[in-house]
Amino acid sequence: DPYANEPQRHPVLTIRTKKPFNAETPASLLVENFITPTEIFYIRHHFPVPDVDLSSDDYSIEIVGIDEKQSLNLNLDQLKTVYTPHSVTASLQCSGNRRSEMNRVKPVKGLEWAQGAMGNAVWKGVRLRDVLLDLGVKDSDENDNWHVRFDGLDMDPTSAPYAVSIPLSKAMDPRGDVILAYEMNGETLTRDHGFPLRVVVPGTTGARWVKWLTRIEVSKNESESHWQQNDYKSFNPSADWAKVDWSTAPAIQEMPVTSVICDPQDGETTTLQDGKLQLRGLRYAWSGGGRGIVRVDISLDLGKTWHVAELIDPVGLNRQWAWTRWRADLPVAVKETEVWVRAVDSAYNTQPEGMEHIWNMRGVMAVGYHKIKVSVNA
Ligand code: MTE
Ligand code: MO
């Protein structure tokens, strides 16, 4: 069994598949902390979890430039000693987060994530930019349309490693905060989250944050992998699996603005406090790669009137890689109510009202208003 050597996991995680292991954080727990504790952070694997033995000396990272003369081979110690450490607080979200809400419109293919395929952590590592500058990559617009490819140690049955790429311009951007991370929340990365090294690409979808990193390559072309070419893309709602031409859509990198209600949950009965319904949730400022969110709106009457939620965590207008929690205490006079939430970013981008018109066969980027029904005890 290739899955015989999997790590222990926290029992509170909601398991979506066991082999490979995929599990999410219950949303009610997600909203408890600005920084998601590592042991309850969602896990998304495509294959069995690699087990790297650093003492055995056979782990190193191969870094290759555009011509053969450019190449570096570094082990983890070298990487840590040569480059200045850099920390970023950034949320990680799967492209398929909230897919189950889209699936209700019409079935889609993919893991049935609720709202917990996301988390927020402090990542520490070295800047990819610094490594690439050492490799001889120039800081110029000549290579603006190039890419950086990443390979993981995990492989599909044909021995193709999990691999994807990001635009080189993101990697080279001094404000892009792309790092090769060896720590998560102040501790050595765990196996489930990519020990010993993973890529952290703030503001970019989870699929690009390659775990168990072994190879980095600068290239004029994107990764040719399945995950870059034939997955993690969105299409017209009428496109169907049999006929779609994957090459017509770009790979998802940045993700659009989204928000969710974490507490109460859909279908729950809740008790009013001083006649008020207490709502708590999360919103992300990801459109435009790190753009801040300026407002979270709540409606209790299907969009006729709107309330403004209070933001709990600090918000920047730029390089806002972390989510912000919000809360709202709203008066209600009915026994059952539908609650809607949407967020607005600093460019006034907001979420679409429903999942219908953004429906896509893969169920990615399900960023419609989050709508839940709650019953109230007066
Ligand atoms: N990296 C490797 N090597 N293998 C993978 O299966 N899954 C990706 C990404 N990096 C994956 C990977 C996807 S789709 C997501 S959403 C994130 O890792 C999940 O990261 P996490 O498990 O640390 O939450
Ligand atoms: Mo993902």
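Residues numbered from 1 in each chain as written. Chains lettered and ligands numbered in written order. Predicted model: local features only at pLDDT ≥ 70, side-chain atom pairs only at ≥ 80, totals over all residues. Heavy atoms only, no water.

1. Some details on the sheet that holds strand E1 (residues 14-17)
Note the following rule: Strand pairing is assigned whenever DSSP identifies at least 2 bridges connecting the two strands. Working definition: helices are DSSP H or I runs of at least four residues, strands are E runs of at least two. Numbering for both runs from the N terminus.
Spatially, three strands are ordered E1-E2-E3 in an open sheet, and the strand pairing comes out antiparallel. Sheet topology places E1 and strand E3 (43-44) at the edges, where each strand pairs with a single neighbour.

2. Digging into the domain arrangement of the protein chain
What counts here: Here the limits of each domain have been adopted from an automatic or database domain assignment. In this analysis, two residues are considered to be in contact whenever any of their non-hydrogen atoms come within 4.5 Å of each other. Buried area counts how much accessible surface, traced with a 1.4 Å probe, disappears from two parts once they are put together, with both parts' losses summed. Salt-bridge detection follows one rule: a side-chain nitrogen of Lys or Arg within 4 Å of a carboxyl oxygen of Asp or Glu.
Split into domains, the protein chain comes out as domain 1 (14-248) and domain 2 (258-377). Placing a centre on the C-alpha atoms of domain 1 and another on those of domain 2 gives a separation of 27 Å. With 50 residues of domain 1 at the interface, the matching set in domain 2 holds 34 residues. Buried surface at the junction of domain 1 and domain 2, summed over both partners, amounts to about 3,800 Å²; 61% is from carbon and sulfur atoms. When the area that domain 1 buries against domain 2 is broken down by residue, the three leading residues are Val31, Arg98 and Met102, summing to 20%. The interface formed by domain 1 and domain 2 includes three salt bridges.

3. Considerations on empty space enclosed by the protein
Counted only if it meets this: Lining residues are those with an atom within 4 Å of a point, where the points come from a 1 Å grid over the protein atoms alone and group into cavities, where a 1.4 Å probe fits but cannot get out, or pockets, open sets with protein on both sides within 12 Å along at least five of seven lines. Grid points are joined across faces, edges and corners, and a volume is the space filled by probe spheres set on the points. Put simply, Ala, Val, Leu, Ile, Met, Phe, Trp, Tyr, Cys and Pro go in the nonpolar bin, Asp, Glu, Lys and Arg in the charged bin, and everything else, Gly too, in the polar bin.
On inspection of all chains with the given rule, the structure shows four cavities of 30 Å³ or more. Approximately 260 Å³ is the volume found for the largest cavity. Lining the largest cavity are 19 residues, with Arg44, Arg198, Gly206, Ala207 and Lys211 sitting closest to its centre. Elements with a minimum of two residues in the lining of the largest cavity: E3 and strand E8 (147-155). Among the residues forming the lining of the largest cavity, the class breakdown is ten nonpolar, five polar and four charged.

4. Things to note about the nonpolar core
Note the cut-off: The term nonpolar core refers to a set of buried residues drawn from Ala, Val, Leu, Ile, Met, Phe, Trp, Tyr and Cys, joined through side-chain atoms within 4.5 Å. Classification of residues uses two cut-offs on accessible area relative to the type maximum, computed with a 1.4 Å probe and protein chains only: under 20% is buried, over 50% is exposed, and between them is partly exposed.
In this structure, Leu79, Trp123, Leu132 and Leu180 are the most contacted members of the largest nonpolar core, which totals 56 residues. Considering every element that reaches this core, the biggest residue donor is strand E10 (residues 179-184), with five residues. For Leu79, the contacting residues outside a window of four places in its chain are Ile61, Leu74, Val126, Val131, Leu180 and Leu197.

5. Describing helix H4 (residues 128-135)
Three or four residues apart is the spacing at which side chains of an α-helix point the same way, because the helix has 3.6 residues per turn. The condition that has to hold: Directions pointing from the helix axis toward each C-beta atom define the arc.
If you check which residues of H4 are buried, you get Leu128, Arg129, Val131, Leu132 and Leu135. Projection of H4 onto a plane perpendicular to its axis shows the buried side chains occupying an angular sector of 160°, all on one side. Positive phi appears at Gly136, one or two residues downstream of H4, with a value of about 105°.

6. Structural notes on the layout of surface pockets
Here the largest pocket defines a volume of roughly 270 Å³. Forming the walls of the largest pocket are 14 residues, and the residues nearest its centre are Glu101, Arg104, Met355, Tyr369 and Lys371. Considering every element that reaches the lining of the largest pocket, the biggest residue donor is strand E22 (residues 370-377), with three residues. Broken down by class, the residue content of the lining of the largest pocket amounts to four nonpolar, two polar and eight charged. Shared between two domains, the lining of the largest pocket holds at least three residues of each, these being domain 1 (14-248) and domain 2 (258-377). Its boundaries defined by the atoms lining it, the second largest pocket holds a volume of some 160 Å³. If you trace the second largest pocket, you find 13 residues lining it, with Gln8, Thr38, Glu39, Thr190 and Asp192 closest to the centre. The class makeup of the residues in the lining of the second largest pocket is three nonpolar, five polar and five charged.

7. Quick word on the environment of Thr190
In this fold, Thr190 is placed in the loop between strand E11 (187-188) and strand E12 (198-200). What makes Thr190 partly exposed here is its relative accessible area of 32%. In the structure, Thr190 is positioned 182 residues away from Ile372 in sequence and 34 Å away in space, judged by C-alpha atoms. If we skip the residues at most four places from it in the chain, Thr190 touches Thr38 and Phe195.

8. Examining the site of ligand 1
Put simply, the rule reads: Throughout, the term near means that a residue has one or more heavy atoms lying within 4 Å of the molecule or strand in question. Pairing of N or O atoms within 3.5 Å defines a polar contact, subject to two protein rules: one partner must be a possible hydrogen donor and the other a possible acceptor, and residues neighboring in sequence count only if both atoms are side-chain atoms. Surface accessibility in these figures is a Shrake-Rupley result with a 1.4 Å probe; residues are shielded only by whichever protein chains are displayed. Criterion for pocket placement: a molecule counts as inside a cavity or pocket if more than half of its atoms are within 2 Å of its grid points.
The full set close to ligand 1 counts 21 residues, and His46, Asp154, His193, Arg198 and Lys211 are the nearest of them. In this structure, His46 approaches ligand 1 through a side-chain N or O atom, which is 2.7 Å from an oxygen atom. One nitrogen or oxygen atom from the side chain of Lys211 is found 2.5 Å from an oxygen atom belonging to ligand 1. When ligand 1 sits alone it has 540 Å² of accessible area, and the protein chains cover 100% of it. The site holding ligand 1 turns out to be the largest cavity. Elements that contribute at least two residues to the shell around ligand 1 include exactly E3 and E8. Here the residues of the shell around ligand 1 are counted per class, giving eleven nonpolar, five polar and five charged.

9. Considering the environment of Asn349
Take Asn349: it is sitting in the loop between strand E21 (336-345) and E22. Sequence separation of Asn349 and Asp173 is 176 residues, and the distance between their C-alpha atoms is 23 Å.

10. Focus on the pairing of E1
Across three bridges, E1 lies against strand E2 (residues 22-24) in antiparallel orientation. The residue of E2 that forms the bridge with Thr17 is Asn22. Hairpin connection between E1 and E2: a loop of four residues separates the two successive antiparallel strands.

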